[in-house]
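Report on the structure
So you can see what is in the structure, the chains are spelled out below.
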Amino acid sequence: MTYNHQEVESKWAKKWKDSNLFVCNFDDSDQKFYSLFMFPYPSAEGLHIGNYFCFTVSDLIAKFKRLQGYNAFCPIGWDAFGMHSENYAIKIGETPQKMLSRTVENFRNQMIESGFGVDFTKEVDTTSKEYYKWTQWIFLKLLEKDLAFQKSSLLNYCPSCKTVLADEQIENGGCERCKTQPEKKEMKQWFFKITEFGDRLLDGLSDMDWSDITKSAQKNWIGKSKGAEITVKVDGLDKELTYFTTRPDTTFGASFITVAPELKDVLDLVLPEFVMQAQEYIAVSGAKSDLDRISDNKEKTGIFTGRYAIQPVTGHKLPIYISDYVLANVGTGVVVGVPAHDKRDFEFAEAFNLPIKRVISKDGSDSKISSVDDVYTQDGILLNSDFLNGLKVSDAITKIGEYIEEKGFGKRVTNYRLRDWCISRQRYWGPPIPVVHCDDCGVVPVPESQLPVELPEKLENWEPSGDGKGPLANVDEFINVPCPKCGKPAKRDADVTDNFLDSSWYMLRYLDPHNDSEIFNVERIKKWMPVDFYVGGNEHAVMHLMYVRFICMALFDLDLLPTENPFKKFRANGMLLKDGVKMSKSKGNVINPEEYGRKVSFDALRTYILFLGPLSEDRSFSEDGILGTRRWIDKIYKLLEKVEDKYLDSDDLLYLYNKTNKEVVIDLDEHKFNTVVAKLMELTNALIKQEKISKEVFEGFLVMVAPFLQFLAEECYSQLGNTDSVFNASWPKLDESKLVKSSIVVVVQIAGKVRAKLQVSPNITQEEIQKLALENSDVQKWLDGKEPKKVIYVPGKLVSVVV
RNA sequence: GCCUGGGUGGCGGAAUUGGUAGACGCGCAAGACUUAAAAUCUUGUUUCCUCGUGAAGUCCGGGUUCGAUUCCCGGCCUAGGCACCA
């Protein structure tokens, strides 16, 4: 009896799809389980193994929950707007619409043949009018709430992608997509005020059941720092400067002030005789990219302005310098230099021969700071600091904070690294920004009733032009519209929104994908949200996952969501490597799921990649390894011959069967798929040793195996005479009474080493077992006549004899 | 530099309210079946030695404990995030 996987798998894949087996009925929400994976952009290459892995995890959890009696929902959709698709379409000389209809079809078919239990009837496509109408609606809602605004600022402009990039899209100083170094351009763009949610985004993390690695990335990205803003007067000028510091306690150690070269009106600070040099310095540093400035950080450069600032607390006159180690967009763009307690300030002070005064030391004693290594940044006691002397750092921070506020010298503030989300893109392939610019009325939102603002379909020259305007600016019939307010000729916004906006609410639309009168039915959303389990790559830790949280907070505030956190549980999956190295097309080591489906079966592939290791860790795929899961399939299939209707299974088997059941449930809820597979394999090995197996136990076993070896389980279940799907069966009932053993093994340790094993009744008393242990001949030999000092008994486990 | 993870056989990895280290799988070796091979089945597989009722062993060095992969202190390596962030 050999198992023909190709025949079996294609048969059931078709049946599952045709019978709508995995279609979810939303009306039944008492025991709902929403399992979600990060939806893909349908690339031309088809289903990538990384996608396949992530889908498998979500699908497996959904199937498990379904078997446990939950109404499980596992949807699919296409994140098809954005530069991925647009750039590829440009490359192959096709329009994105045309290309996508083909690639989506391909993706869908691959998912069906892999046996994914996703509900295709709830499919969502971010590029459809029915979807992006509501993406635009969200924009309008945020505009209404003052969370969307236009701002002109220095932005990162990618000359290759021909659009501005969000801060999050800069990686190691380059564009995350094409690695091109972005140019700084002054442009007027739309932003979402994500910074207003900085604290909520940060505080929310603490009680979220998300991967630590993801939470840590978000925390670092938000970059909250507490400190103080202190205002200093510029001597001889009617001008003030405000600097931000996290260490106001070091105020008495300040010896200079530094301002960023890009700071507005910086030249006003400079004395006439220094202006020439200053202009030159500003020009030179302005020509450097951020990356250069960071990499040339060996030596501190700068220029003296000739001016001094009066520090209000100390009354000291501090020289003002311009230096490019200070960045205009960080804090206030003005920094106070405390060389004794900051390495950068020390380097600067050394280069410019400025005083270095210690104001903190471990025990309050003074000693000279003569090299960078002496710079003292730890906790300690204040000295040389007037009214702060003798205080601990934390107390000094509190005291001076109160002091400056009382005297009006400054205030305590919280700073964030997080920047507002720039959402304008000068591209074609996205939802047009639904506003009209009118000479008389200014920015006028498109009325809701006129949504969607349709992206023109048949368009010549839809590629980005690179002139800083989106390609839509040249489409007259699109761009020229009457102002919705006054009716005079006006122009639409020519930009489209960032792709990340599309994906920041898709999990909501899945729950009501065909609703054309509202974004979704709020009642249903409140029953089905949050998503119970979300899985995807950690490369989305800061962008996608931060934006989703932001959008959901905004929608929550509009009373459209039951919680502000959309994902009850999120797990980042590790990367799949091939023989220990990263897969890439250029290396030619890309794993194609279809190929392995054909060779060894989708069941074996699916189970193998889960068996490789813990979900969060990178795992290494090998050609040989996958044979192990394929062998497992064959072993189970052969067991069919042993199944007998009313067979009485042995106690030992029933013990293992129930123990496995119990442990598998626990491990699956903790997503420890590798150990679940190991335990099911162990049970399989025990079943192989049986003469016969009862139908009841074998069917229960098939149900436990079904989330992994889905096609095999269905086939065996059907061969046993069942007409319904194994996925309509229920999880086997746990029989606790079978988990009690008639005898247990207790080990005896002498000086911490195992020297004997005793087979005893589980109800044995401490006295009895101690007596047995000490009488044991092996124990006697090891004791060698010595008297035990102490005997420790761990019930059911061991006896430890101390000599 | 700061913030998160991780470090266990030839390999992927199991085991934590501190209690038999190496489950499960891969690979390898030997045997069975076969004319032969593949497949399959059986057995073995942490290392070392003087082969035993032996010793050592979970990145390294200390500590707590009858007992430490697990807890504490110090260090090394590694993956990810942030970074002249003031």
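Computed from a predicted structure; not experimentally measured.

Counted according to the given criterion, the structure contains one cavity of 30 Å³ or more. Class assignment of the residues belonging to the lining of the largest cavity gives a composition of five nonpolar, three polar and one charged.

Further remarks concern the pattern of salt bridges. Inspection of every chain in the model, using the stated rule, returns 41 salt bridges. The partner of R200 in a salt bridge is E564, and the shortest N-O contact between them spans 2.6 Å. Of the two residues, R200 is situated in helix α6 (residues 198-205) and E564 in the loop between α16 (544-557) and β28 (569-573); the sequence distance between them amounts to 364 residues. The partly exposed category is assigned to E564, whose relative accessible area is 23%. One connected set of salt bridges, linked through shared partners, spans K578, E595, K599 and E623.

Let us look at the confidence of the model for chain A. Any segment with low pLDDT has predicted coordinates that should not be analysed in fine detail. Across chain A, the average pLDDT comes to 90, with 98% of residues at or above 70. Per-element confidence in chain A ranges from a low mean pLDDT of 62 for helix α9 (residues 290-295) to a high of 98 for helix α14 (residues 506-509). In the predicted assembly, ipTM is 0.95 and pTM is 0.92.

With that settled, the discussion passes to helix α8 (residues 275-287). Under the 1.5 Å per step criterion, the end-to-end length of α8 is 18 Å for 13 residues, consistent within 8% with the ideal 18 Å. Of the positions making up α8, those classed as buried are A278, Y281 and S285. Viewed end-on, α8 has its buried residues packed into an arc of 65°, placing them on one side of the element. Projecting away from the buried face of α8 at angles above 90 degrees are the exposed residues M276, E280, A283, G286 and A287.

Taken in spatial order, the four strands make up an open sheet running β35-β34-β37-β36, and their pairing is mixed. At either margin of the open sheet sits one strand with a lone partner, and together these are β35 (753-760) and β36 (790-794). Across the sheet, the mean angle from the axis of one strand to that of its neighbour is 20°, orientation sign disregarded. Judged from the five bridges that link them, β36 and strand β37 (residues 798-802) form a sheet pairing that is antiparallel. Following the sheet pairing, V794 is matched in β37 by L798. Against the sheet, helix α24 (residues 766-775) makes contact with β34 (744-750), β35, β36 and β37, and its axis sits at roughly 125° relative to β35, the strand it touches most.

Looking now at the pairing of β37. Taken together, the four bridges between β34 and β37 define a ladder with parallel strand orientation. By the bridge assignment, V748 is partnered in β37 with V799. Between β36 and β37, which pair antiparallel and follow one another directly, the connecting turn spans three residues, one of which, G796, has a positive phi of 75°.

Of note, R425 is situated in strand β21 (residues 424-425). At a separation of 3.2 Å, a polar atom in the side chain of R425 contacts the side chain of D498. The contact partners of R425, leaving out residues within four places of it in the chain, are T163, V164, L165, A166, Q169, D495, V496, T497 and D498.

Our focus in this paragraph is the protein's contact with RNA strand B. Looking at RNA strand B, there are 51 residues lining it, with T245, T246, R344, R417 and R631 nearest. A share of 57% is what sugar and phosphate atoms reach among the atoms of RNA strand B within 4 Å of the protein. The contact in question runs from a base nitrogen of RNA strand B to an N or O atom on the side chain of N220, over 2.9 Å. Interatomic distance of 2.6 Å between a side-chain N/O atom of S800 and a base oxygen of RNA strand B. The residue makeup of the surface near RNA strand B, split by class, is 22 nonpolar, 13 polar and 16 charged.

Cut-off values and rules
- Every chain is numbered on its own, with residues counted from 1 as its sequence reads.
- All chains are assigned letters beginning with A, and all ligands numbers beginning with 1, in the order in which they are written.
- Local features in a predicted model are, by the rule used here, given only for residues with pLDDT of at least 70; side-chain atom pairs are given and counted only at 80 or more, and totals for whole chains, interfaces and linings are based on all residues.
- Based on all heavy atoms of the structure, the side-chain values leave hydrogens and waters out of the count.
- Cavities and pockets were defined on a 1 Å grid built over protein atoms only: a cavity is a set of grid points that admits a 1.4 Å probe from which the probe cannot escape, a pocket is an open set flanked by protein on both sides within 12 Å along at least five of seven lines, and lining residues are those with an atom within 4 Å of any such point.
- Grid points are joined across faces, edges and corners, and a volume is the space filled by probe spheres set on the points.
- When residue character is reported, Ala, Val, Leu, Ile, Met, Phe, Trp, Tyr, Cys and Pro are called nonpolar, Asp, Glu, Lys and Arg charged, and the others, Gly included, polar.
- The term salt bridge refers to a side-chain nitrogen of Lys or Arg lying within 4 Å of a carboxyl oxygen of Asp or Glu.
- Strands here are runs of E lasting at least two residues and helices are runs of H or I lasting at least four, both read from the DSSP assignment and numbered beginning at the N terminus.
- The buried label applies to any residue whose accessible area, calculated with a 1.4 Å probe on protein chains only, is under 20% of its type's maximum; exposed applies above 50%, and partly exposed to all values in between.
- A score between 0 and 100, pLDDT records how confident the predictor is in each residue.
- Each residue after the first adds 1.5 Å to the expected span of a helix.
- Note that the arc is computed from the directions linking the helix axis to the C-beta atoms.
- Whether two strands pair comes down to DSSP finding at least two bridges between them.
- An axis is simply a line fitted to the C-alpha atoms; with a helix, the fit covers only the stretch in contact. Between two such axes, the angle follows the N-to-C directions and lies from 0 to 180 degrees.
- Here a residue-residue contact requires only that any non-hydrogen atoms of the pair lie within 4.5 Å.
- Each polar contact in these results corresponds to two N or O atoms within 3.5 Å; when the atoms are within protein, one needs to be able to donate a hydrogen and the other to accept it, and residues that are neighboring in sequence are counted only if both atoms are side-chain atoms.
- Whether a residue is near a molecule or strand depends on its heavy atoms: if one lies within 4 Å, it is near.

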